[in-house]
Amino acid sequence: MKFINKKTLFLAAASVVLSMVSSCERDYLETDPTDAVSEQLASGSIENINTIVNGMHRNMYYRQNGSQGQNGATGIMIYMDVLGEDLVFPATGPNWYVSTIRWLDNANASSGNLFYPYDFYYEQIRMANIVINNTPNVTGSQAEKDRLMGEAYAFRAQSYFMLVQIYGKRYVAGGNNAQDGVPLRFDNSFDPIPRSSVEEVYKTINQDLTQGLTLLTGKARSNKSHFNANVIKGLMARVALVQGNYAQAATYANEARQGFTLMTNTAYKAGFNNYTNSEWMWGYKPLDTTSDYFGNFMAYMSRNYNSSQIRQAPKVVNNLLFNKFASTDVRTQVIDPTGKHTELNLPSTYLKVPYTSQKFLSVNSGGTVDNSVSLGDVPFMRAAEMYLIEAEALARIGKEAESKVVFTLLEKNRNPAYVTTTATGAAYITEILTSRRLELWGEGFRFLDLKRLNMALDRTGANHNAVVTNNVLQIPANDPRWTWLIPQSEIDASQGLIKQNEL
Amino acid sequence: MNVKLGVLTAGALFFLGSQSILAQQKDTIKTADVEEVVVLGYVKRKATEVTGSSVQLTSEKINTPAAISVDQALQGKAPGVQVNASSGTPGSVQDIRIRGVGSLTASNSPLYVIDGIPVVNGNTSASANISSLSTLASINNQDIESVTVLKDASATAAYGARGSNGVIVITTKRGKKGKTRYNLNTSIGFQNDAFSKRHGLTGAEKLDLFKEAIFNTYGKDYGFTKDKAIDFMVANRQNVNGANLWTGEEYDWEGLLVKKNALSNTIDFNMSGGAEKSTMYASLGYNNTEATVIGPAFERLSGAFRYTNQISEKVTFETSMNGSWIKQNPILEGGSFFSNPFITKVLMNPWANPYNADGSYNISDITKFTSIHNSLYTLENNIARSKLIRGISNTKVDYEIMKNLTFTTRIGIDLQLNDYRNYANRYHGDGAGTKGYSERQMSTNYNWVTQNSLNYNFRVGDLHRFDLTALFEHQRNQDETLYGYGESFPADGLTNIASAGANKNASSSFTNWKNTSYLGMFNYTFDNRFVLDATIREEGSSRFAEGKRFGTFWSVGAAYNLHRDLLANVFDIFRIRGSYGLTGNSGVGLNAYQAVLAYDADYAGNGASYASVFGNPDLTWEKNKTVDAGIEFEALDRRLTGSFAYFNKYTYDLLQNVPLSRTSGFAIQAQNVGAVRNTGFEAMLGYDIIKMEDFTWNISANIATLDNKVETLALDGNGNPINPSSGSSYKNTEVGKPIGYWFMPTWAGVNVDTGAPEWFINGVDGDRTSNLNLAQRYDQGTSIPKYTGGVSTGITVKNVFLNANLYFAGGHKVYEQYAQFYMRTNSFTLGSYNGVQELLERWQKPGDVTDVPKLSLVNDNFHATSSRHLYDGTFARLKDVTLGYNVPNSAIRVLGIDGLALSVRGSNLWTWVKDKNLLLDPETSAAGYTTLTTPPVKAVIFGVNVKF
């Protein structure tokens, strides 16, 4: 008995050892993260690819680099206006975007603000590439696969479009555009690659948009944050405008806006915070639960959110621009020449300066104006822009009469007292551009428009604060700073393949 | 027994002692036959059979007064082990560095092994912003039999991929055969800050300096006198932070926040005994320690039970359970938070009255004076506490298959539950903006280890002795966290999330890792003369990609006990030993090898994923090759003991974040590239000066040197080394220099004629500038002590004994990071906050020779990073002193007990700092910054030890 006991014990122990050893196969050490999923797994099913596409949309309003001023693509929108002449800072406040308004970021290769768009758009491109390259291999309905691929193509095109406009020299219509654009990457590799020419980048953008249009045509979308055929046509119109393909631009812009009616004047004054607005074509809706608080677009651009940024440095409209419009124009009615905004009942702690804009107002989840939240939907494309593109493009190819019909539709909506202009030629085009400046104020167009049109920046004579701008009031059209430097970290990591822009 | 206890209770509350005190007398009677046995983790070896470098400290050596975790007791006692307190808040983590700093980005902390089981160690607190809580604080020092520090490859190769930073092996107490013995220790102690000489300005001093700064800035241009300075500012609508409202009454914030004679109280009881075939040890312990600032406190209840039983001739069973409960009230000391009481202590505006006229705390009017919170109020009305419950179970069965062949199986389970709760009141402080908030985080860490091993030792002839061990080990670790948060509390007294009215949210997380190893150990002894030692460990870790998981670690060592042959006349022991081997450091992030997408985003209520880690399938552990050689000796009838060791530790394949082209969508990828070398000497010498029956006196000293040098750094795309310290305005890392050496402009003093601060333009000497941006940064020395050591002595005269241990460290520099707040000479310090006494020495008129520039409201950069605030960190400290009295046997017999000892012990009673400008405690975190955390304490502790 005693012997058996011992033997049994030994055998039991030995079997424990053996089972340990034998179960120690390679999968024994397999652990997977539970807050993240490996890229391989994540691109293996249509559901997972759907979350990647969702992730790209989410990223459009997600804090980047841990900086509250770098919220997705909405921070880049702010940059694009801050670099222009129409968005005025009355004070330095807590210093957000002050180095941008001084044109220091685009000339400083080590600046985090210079790095931000480069970083952000290539992050989007990586995810788009994963979707484009893996979706054909997963099982799922063709319609769903087409939608996902179509959105990914749209994202990739939009990302390269922004990158090449920011980091490449301007596209010269009729030129060979061999100047350095940005590197083009179509897979998830990481070896450094050189910059492609601006022409090649635009070729890619157009190919992607064409692909996206084919895939998304006829597809419904769940809400306005997703792409559909109209939005892609809108992007095509923007691209054609930059490339000087005005006939195409006019056609695309016209097709794009079909189904989107211009908003009422009442809606115009509601604070630009609701993407169900009839003329919004593409926009994002930060929710209560996904709020970035001080990082949200409204935390910088609204008139009412109770942050030190808005209390101390509210956003002001260039007074020269304001004065070009009649008081019956609803677009001037969201600007208060006294800065008091009496109907908003702003507390005394808010700085009151003339010409502050209440185009953007923070609302709570119930849709009421609320100073304690920085929420509000963010517009990325509106039908008004399409009217303006169409009007400008038609005017530039000599179809001035047709152009005025389109332009009047918009102007009459904004200003019921509007009478079709008698201006012609360059003067007429300037009127369109002036309307564009006020219509799209705060929506991220001015720097890109100036660069597209090869125009100088001129802040002189307006209500700009010399201390805030550090006396940067004029930038000639040929200034190298219109082309942002490539981030130094990218140059350092590129093994000499990426050439820096001149300064 | 009850009667005896009753008699003792009164005295018990007053004194502390320890079993060590009695043990000590026995220890002094050494006999040549008793050979020390060293616990090396998986195995034990006789000291003369060891080839590696290790230090074993027995219970009496680690019984440092006021030490809550055993690592605090290692300071100065184990050469080559640097112990830095991250904070003096009771229960805080100690930064331990064994033989220097080897890793650039991965962990530099040693592996901890408790009773043969590798455990998870480190900070278990819920956030880096609050006081840390060491998992080791859950182990009662009184339950520890010995601590062995394994330093070289021969000793640590058995721990393979985790041995690179050294290993600390903790062995807990077990029962001894024979009559059951009871042991009761109680102590009561009083603590104060050990070394804290930074004191704020009084209200009057601050007002005077503020006026002077205003006058210096505007007086001349606007034609007013200094006494009208405040009026001038008020008239011009400038913020004067209540200078015009101050009543003139002095408010001593420092005095209100400091807790004088903070109490520490311990009661430990244990019993130990055994019959022929079984032994048992059981203990209960209680520790209650206050901090020297109001707020944080530490409380621990612990119990241990160990039982061994010889089931049969061949089978032995051993099991132990350790349970502990800790409560710590953490404070926000991890940074410059407005609620950090140490910020309040130094930076609070002394014009602000802590109280209202009715005696309640001032929380409204105070905002006219300062943005710092009234910590007196927040500490009383907020809740912050961590509770750690830890249970360790360790069970082992030995089966002697045949003579000298033993099979052992062991299972260890370590469960840690940490419950953190934080409530910030809705009226004042961090919670005011959200009408109060409450958060709670519960995390569990589950560590499971199983080991199976075979040990065979045999002799070939009389002279050849072999000892072979084969071991299989598997370890799993799981970590789970649940977190909840809510804001907006409708009424007082409601502090739980259930009552929150807004922004409630919850989250949970799970991480795990696994480890599987095969270990072979070989030990050969020839006639007790030669020792040959070899270890090989095949280790696999889930932290790496498939195909890269397993690695082989090894060591070889040899020793020659010369006293057996050549020097037998001179030495009792004289041995030379050496070893070489390869170990690893797998302290890298989980799943860092694979490209992953994160899913914590939410897109309009739908799941959304985004790229999170680029991954590197080639990722592997950092490696370490160490050469170690040394001698050990005992002579003069064992009265003289000594050792000497040299080590050369080369760590390579160090992880560095190498920049990627951003066009890949990622900025960095972790790669194994860098290399660092640590070299040094370690020496120890001890002598029993007097060795008589009634009078003994011994003294011993140890010293270790350390030379740290970066040898390789990863290169960026253009072939330039990647600086792991890039972006730091304090440090720099480059090949040929120590990791993170101080790199900043050199302070040149204050210009005698203008009162402007000046720095050397070239960073060394010659031309000076008042524009900091024009001054070059320069190598100002290392933050890693070049030498550390200790001196200890013990005297016994009849029944009275005195022990003392001194610790010293030097050759390094420490930086006073908070000088940027309290040593500014502008309105930041003189208006909004408060400065320190040194500002009184400011420059006032041409000819003044001083180190503090002219006051001005304009920013002068005086406070900015430069060698101005960098001090020689050399210091020495009397770590502990014990004066005790063993009541003579004749007296205790009357009481019917076996032993009684009374003692008075002191901790950190004396501190010497070389640099007179260093006014904060010289013990800093391993990175070398003095911070505004709870400083180490100076304590006097009275104790009594009873055996019966």
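Here is what the cut-offs are and how they apply
Residues numbered from 1 in each chain as written. Chains lettered and ligands numbered in written order. Predicted model: local features only at pLDDT ≥ 70, side-chain atom pairs only at ≥ 80, totals over all residues. Heavy atoms only, no water. Helix = DSSP H or I, 4+ residues; strand = E, 2+ residues; numbered from the N terminus. Rg over C-alpha atoms; globule rule 2.2 N^0.38 Å. Buried < 20%, exposed > 50% of the residue type's maximum accessible area, 1.4 Å probe, protein only. Contact = heavy atoms within 4.5 Å. Areas by Shrake-Rupley, 256 points an atom, 1.4 Å probe, with all protein chains shown as cover. Lys, Arg positive; Asp, Glu negative; His and termini not counted. Charge placed at Lys NZ, Arg CZ, Asp CG, Glu CD. Axes fitted to C-alpha atoms, helices over the stretch in contact; angles between N-to-C directions. Parallel < 35°, antiparallel > 145°, perpendicular 65-115°, else oblique. Left-handed = near helix turned anticlockwise from the far one by under 90°. Phe/Tyr/Trp six-rings, centres within 6.5 Å; stacked < 30°, edge-to-face > 60°. Lys NZ or Arg CZ within 6 Å of the ring centre and 35° of its normal. Pairing = 2+ DSSP bridges. Salt bridge = Lys/Arg side-chain N within 4 Å of Asp/Glu carboxyl O. Polar contact = N/O pair within 3.5 Å; in protein donor to acceptor, adjacent residues only side chain to side chain. Core = buried A, V, L, I, M, F, W, Y, C linked by side-chain atoms within 4.5 Å. Expected span 1.5 Å × (residues − 1).

**Q** Describe the overall build of chain B, and please don't skip the residues or the numbers.
**A** Counting secondary structure elements, chain B contains eleven helices and 44 strands. For 948 residues, the compact-globule estimate of 2.2 N^0.38 gives 30 Å, and the C-alpha radius of gyration of chain B, at 30 Å, lies within 12% of that figure. Along the longest, intermediate and shortest principal axes, the C-alpha atoms of chain B span 100 × 75 × 65 Å. For chain B, buried positions account for 57% of its 948 residues. Of the contacts made within chain B by residues no fewer than 6 positions apart, 71% connect residues no fewer than 24 positions apart. Total accessible area computed for chain B in this model is approximately 36,300 Å², and 55% of it derives from carbon and sulfur atoms. With 87 positive and 87 negative side-chain charges, chain B shows a separation of 3 Å between the mean positions of the two kinds.

**Q** Describe in detail the packing of helix α8 (residues 198–216) of chain A against helix α9 (residues 229–243) of chain A, supporting the description with residues and values.
**A** Residue and element names in this part refer to chain A. The interhelical angle for the contact between α8 and α9, taken along N-to-C directions, is 160°, at an axis separation of 9 Å. Considering their axes alone, α8 and α9 lie roughly antiparallel with respect to each other. Remark: the crossing between α8 and α9 carries left-handed chirality. Residue-level contacts link Tyr202, Ile205, Asn206, Leu209, Thr210, Gly212, Leu213 and Leu216 of α8 to Ala229, Ile232, Lys233, Leu235, Met236, Val239, Val242 and Gln243 of α9.

**Q** So, unusual backbone geometry: which residues are in play, and what are the values?
**A** A positive phi angle is found at Asn241(B), which is not glycine, with a value near 50°. Even without glycine at this site, Lys798(B) takes up a positive phi of about 50°.

**Q** Any details on the packing of aromatic side chains? Residues and values, ideally.
**A** Counted by the stated rule, this structure contains 72 aromatic pairs over all chains. Here the aromatic rings of Phe272(A) and Trp280(A) are separated by 6.4 Å at their centres, their planes lie at 45°, and the arrangement is tilted. The pair formed by Phe272(A) and Trp280(A) is uniform in burial state, with each residue classed as buried. A ring pair is formed by Tyr284(A) and Phe380(A), whose centres lie 5.3 Å apart and whose planes are at 90°; its orientation type is edge-to-face. Here Tyr284(A), found in strand β3 (residues 280–284), pairs with Phe380(A), found in strand β7 (residues 378–382); they are 96 residues apart in sequence, far enough to count as distant. By the burial criterion, Tyr284(A) is buried, and Phe380(A) matches it. In this structure, Lys206(B) packs its charged tip against the face of Trp351(B), placed 4.3 Å from the ring centre. A cation sits over an aromatic face here: Lys737(B) above Tyr741(B), 4.9 Å from the ring centre.

**Q** For the pairing of strand β6 (residues 111–114) of chain B, give the residues involved together with the corresponding values.
**A** All names here are of chain B. The alternating pattern of β6 places Leu111 and Val113 on one face and Tyr112 and Ile114 on the opposite face, and all of these are buried. Pairing between β6 and strand β7 (residues 117–119): three bridges, direction antiparallel. Looking at the pairing, Tyr112 lines up with Val119 of β7. Here β6 folds back onto β7 in antiparallel fashion, the turn holding two residues, of which Asp115 has a positive phi close to 50°.

**Q** Any chance you could break down the pairing of strand β10 (residues 178–193) of chain B for me, citing the residues and the numbers?
**A** Residue and element names in this part refer to chain B. In terms of strand pairing, β10 meets strand β11 (residues 262–274) through twelve bridges, oriented antiparallel. Looking across to β11, one finds that Tyr182 is bridged to Met271. In terms of strand pairing, β10 meets strand β44 (residues 937–947) through eleven bridges, oriented antiparallel. Each residue of the ladder has a partner; that of Gln191, found in β44, is Ala939.

**Q** Residues and numbers for the side chain of Asp143(B), please.
**A** Residues and elements named next belong to chain B. Along the chain, the position of Asp143 falls in the loop between β7 and β8 (144–150). It is Lys173 that comes nearest to the buried, bridge-free Asp143 among opposite-charge side chains, at 6.2 Å. Of note is the side chain of Asp143, whose polar atom sits 2.8 Å from the side chain of Tyr281. Here Ser283 takes part through its side chain, which lies 2.7 Å from a polar atom of the side chain of Asp143. If near-sequence neighbours (up to four positions away) are discounted, Asp143 is found in contact with Thr172, Lys173, Tyr281, Ser283, Ala304 and Asn322.

**Q** How would you explain the nonpolar core if you had to name every residue and give the values?
**A** Grouped together as the largest cluster of nonpolar side chains are 154 residues, with contacts concentrated most on Met60(A), Tyr160(A), Leu163(A), Tyr202(A), Ile205(A), Trp282(A) and Trp484(A). Here this core gets 14 residues from one element, more than from any other, and that element is helix α7 (residues 142–167) of chain A. With sequence-adjacent residues up to four places away left out, Leu163(A) is seen in contact with Pro117(A), Tyr118(A), Tyr121(A), Tyr122(A), Ile125(A), Gly168(A) and Val182(A). With 53 residues, the next largest nonpolar core counts Ile214(B), Trp246(B), Leu830(B) and Leu857(B) among its residues.

**Q** Account for helix α3 (residues 46–59) of chain A, naming residues and giving values.
**A** In an α-helix, one full turn covers 3.6 residues, which means residues spaced three or four apart are oriented alike. Residue and element names in this part refer to chain A. The end-to-end C-alpha distance of α3, which contains 14 residues, comes to 20 Å, matching closely the 20 Å that a straight helix rising 1.5 Å per residue would cover. Judged by how many residues are buried, α3 sits mostly within the fold: eleven of 14 residues are covered. Listed as buried for α3 are Ile46, Ile49, Thr51, Ile52, Val53, Asn54, Gly55, Met56, His57, Arg58 and Asn59.

**Q** Would you mind going over the sheet that holds strand β39 (residues 870–872) of chain B in detail, with residue names and values included?
**A** Residue and element names in this part refer to chain B. Spatially, β39-β38-β43 is the arrangement adopted by the three strands of the open sheet, whose pairing is mixed. If you trace the sheet from one side to the other, it starts and ends with β39 and β43 (929–930), each paired once. Relative to β39, strand β38 (residues 813–816) is paired through three bridges, and the arrangement is antiparallel. Of the residues in β39, the one forming a bridge with Val814 is Tyr871.

**Q** Can you tell me about the environment of Thr825(B), naming the residues and giving the values?
**A** Looking at the secondary structure, you find Thr825(B) in the loop between α9 (819–822) and α10 (827–832). Along the primary structure Thr825(B) and Glu734(B) are separated by 91 residues, whereas in three dimensions their C-alpha atoms are 34 Å apart.

**Q** Requested: an account of the environment of Trp484(A), with residues and values cited.
**A** All names here are of chain A. Checked against the element boundaries, Trp484 lands in the loop between β9 (474–475) and α21 (488–493). Residue Trp484 is classed as buried on the basis of its relative accessible area of 1%. Those residues in contact with Trp484, other than ones at most four positions away along the chain, are Tyr79, Met80, Leu83, Asn106, Asn113, Leu114, Pro117, Ile166, Tyr167, Phe447 and Asn501.

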